[in-house]
Amino acid sequence: MNIWIKRTSIGLAVVLVLIQFWPTDRPETIVDNPNDIHQEMVINAEVSDLLKAACYDCHSTEVIYPWYASVAPVSFWINEHIADGSRHLNFSEWATYSPKRKHHKLEEIYEEVEEGEMPLDSYTWIHSEARLTQEQVDLLVNWAKSEMQKINVEEEGS
């Protein structure tokens, strides 16, 4: 074996072992958050199950971390992915959103789901329960559109 290949392989192995000790900023998992969308809206069981299976790991504080989420460098990618998803939409903070923001987030939900942009392919590769059938897509889209109609955004002057 070429000496450079051997040295590179050993170096890579050392780096992979060392980065396991690098701390990650894993958000705390909080269940039954008082600001959760389920505390504010009556959501039927089928829609609720879909939201929890396909959305909550990245868009709430109710993250269920798989075993590999503790292994660097995958852990870095997963934690950043969750943080980014929660910045865009956090179902656990729904009650803190203004009516205008709720309306906009529901619009984004139905557009992203309808266009097949959400859930992300990189998530559904490993989480098969998050793969949505056309019937499930239609259910989420219709739910989001229905909820949008219930929100009075006029009270904010928009």
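Above this text you will find the structure in question.
The structure displayed is predicted, hence computed values, not measured ones.

What counts as what
Residues numbered from 1 in each chain as written. Predicted model: local features only at pLDDT ≥ 70, side-chain atom pairs only at ≥ 80, totals over all residues. Heavy atoms only, no water. Salt bridge = Lys/Arg side-chain N within 4 Å of Asp/Glu carboxyl O. Helix = DSSP H or I, 4+ residues; strand = E, 2+ residues; numbered from the N terminus. Core = buried A, V, L, I, M, F, W, Y, C linked by side-chain atoms within 4.5 Å. Buried < 20%, exposed > 50% of the residue type's maximum accessible area, 1.4 Å probe, protein only. Contact = heavy atoms within 4.5 Å. Polar contact = N/O pair within 3.5 Å; in protein donor to acceptor, adjacent residues only side chain to side chain. Patch = residues over 30% accessible without salt bridge, like charges linked within 9 Å, V, L, I, M, F, W, Y side chains within 5 Å. Areas by Shrake-Rupley, 256 points an atom, 1.4 Å probe, with all protein chains shown as cover. Lys, Arg positive; Asp, Glu negative; His and termini not counted. Charge placed at Lys NZ, Arg CZ, Asp CG, Glu CD. Phe/Tyr/Trp six-rings, centres within 6.5 Å; stacked < 30°, edge-to-face > 60°.

(A) Summary view of the pattern of salt bridges. Across all of its chains, the model carries 6 salt bridges by this definition. A salt bridge links Glu 108 to Lys 105, with the nearest nitrogen and oxygen atoms 3.3 Å apart. Of the two residues, Glu 108 and Lys 105 are both situated in helix α6 (residues 99–114); the distance of 3 residues between them amounts to about one turn of the helix. Glu 147 is the partner of Lys 150 in a salt bridge, and the nearest nitrogen-oxygen pair spans 3.0 Å. Residue Lys 150 and its partner Glu 147 are located together in helix α8 (residues 134–150), separated by 3 residues, close to a single helical turn.

(B) Representation of the nonpolar core within the structure. Within the largest apolar cluster, 26 residues are counted, with the highest numbers of intra-cluster contacts made by Ile 37, Leu 51, Phe 91, Trp 94, Leu 106 and Trp 143. At the level of elements, α3 (45–54), α6 and α8 are the ones that each hand at least two residues to this core. Per-element tally for this core: the top contributor is α8, with 6 residues. Once you skip the residues sitting within four places of it in the chain, Leu 51 turns out to touch Ile 43, Tyr 56, Phe 91, Leu 140 and Trp 143. If you look at the next biggest cluster of nonpolar residues, it comprises 7 residues, including Cys 58, Tyr 65, Ala 69 and Ile 78.

(C) Up close: the side chain of Asn 90. Of note, Asn 90 is situated in the loop between α5 (74–88) and α6. Of the residues examined, Asn 90 reaches a relative accessible area of 10% and is grouped as buried. A distance of 2.9 Å separates a polar side-chain atom of Asn 90 from the backbone nitrogen of Ser 92. Beyond its immediate chain neighbours, meaning those up to four positions away, Asn 90 contacts His 59, Ser 60, Thr 61 and Tyr 97.

(D) A negative patch on the surface, seen in detail. Residues Glu 46, Asp 49, Glu 111, Glu 112, Glu 114, Glu 115, Glu 117, Asp 121, Glu 135 and Asp 138 make up a contiguous surface patch of negative charge. Where the negative patch is concerned, the elements lending two or more residues are α3, α6 and α8. Looking at the negative patch element by element, the count peaks at 3 residues for α6. Looking at the element boundaries, Asp 121 is found in helix α7 (residues 121–124).

(E) Expanded view of the packing of aromatic side chains. If you walk through the whole model with that rule in mind, you get 3 aromatic pairs. Where Tyr 56 meets Phe 91, the ring centres are 5.5 Å apart and the plane angle is 10°; that geometry is what we call stacked. Linking Tyr 56 in helix α4 (residues 56–59) with Phe 91 in the loop between α5 and α6, this pair joins segments that are 35 residues apart in sequence. This pair shows no difference in class: Tyr 56 is buried, exactly as Phe 91 is. Note on Phe 91 and Trp 94: the rings are 6.3 Å apart at their centroids and 25° apart in plane angle, and the pair reads as stacked. Both residues of the pair, Phe 91 and Trp 94, belong to the buried class. Grouped by ring-pair contacts, the aromatic residues Tyr 56, Phe 91, Trp 94 and Tyr 97 constitute a single cluster.

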